[in-house]
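# What the coordinates show
So the chains spell out like this:
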Amino acid sequence: MSNTDERDIIDFICQHPSQVVVVMDSLDEAQINEDSLIWQIIRGQCEELAKLNLLVVTRPCEAASLLAKKSIFHRHLEVVGFTKEKIDSYVDAFFVDEPHKACSLRELLKSQPEVRSLMHTPLLATMLCRSFQMDKALPSTQTQLYQTAVLSMLEQSTEKAGHYTPGSILGDLRPP
């Protein structure tokens, strides 16, 4: 993008702020100076951009501190993840062709709340269901779940490439 294009975009934003949506994803991870234009916009200190539509995405633990600062946010939404019922529905949908596996996993989740706590987002739920589907030992921590998922993906890819030797892939990665 040339400097002219960049300047045209900035001019458009300044002239038509109500027609622009700015999305700041993972704001808590950004290294942004407190005096920057971004923070001036968030605190409502930039008069020209007061009508800008701003969507800020951050981790729940950081949302409270962000909201505590003087800001222009009119709404605060929190994504809370799957409910118990949605977890059960997700398991049933994942194992639609294997209802006995769905039933077994639901029972296991009832008896192991630490494992159930890993089922609150689609990504983690998929990884856990996949581990169960492959008859892998179910992890009880998120770290173990990621280790199991990575190991399974590596085993699958090396098996497809014809380089798989059982037990040879990242032995240190295996969950205890």
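Residues numbered from 1 in each chain as written. Predicted model: local features only at pLDDT ≥ 70, side-chain atom pairs only at ≥ 80, totals over all residues. Heavy atoms only, no water.

## Comments concerning the packing of helix α4 (residues 84-94) against helix α7 (residues 122-133)
- Their axes nearest at 11 Å, the elements α4 and α7 cross at an angle of 50°. What the angle tells us is that α4 and α7 run oblique. The interaxial crossing formed by α4 with α7 has right-handed handedness. The segment α4 lies against α7, with Y90, V91 and F94 engaging P122, A125, T126, C129, R130 and Q133. (Axes fitted to C-alpha atoms, helices over the stretch in contact; angles between N-to-C directions. Helix = DSSP H or I, 4+ residues; strand = E, 2+ residues; numbered from the N terminus. Parallel < 35°, antiparallel > 145°, perpendicular 65-115°, else oblique. Left-handed = near helix turned anticlockwise from the far one by under 90°. Contact = heavy atoms within 4.5 Å.)

## Some details on α4
- Of all the positions in α4, only I87, D88 and V91 are classed as buried. Projected down its long axis, α4 carries its buried residues within an arc of 100°, all on one side. Exposed side of α4, more than 90 degrees from the buried face: E85, K86 and A93 are the residues found there.
- Structurally, α4 contributes buried residues whose contacts are with α5 (99-111), α6 (113-116) and α7. (Buried < 20%, exposed > 50% of the residue type's maximum accessible area, 1.4 Å probe, protein only. Arc of directions from axis to C-beta.)

## Comments concerning the confidence of the model for the protein chain
- Overall, the predicted model of the protein chain reaches an average pLDDT of 78, with 82% of residues at or above 70.
- For residues 172-176, every residue scores under 50 in pLDDT, and the model assigns this stretch ten contacts once sequence neighbours within four places are set aside. (pLDDT = per-residue confidence, 0-100.)

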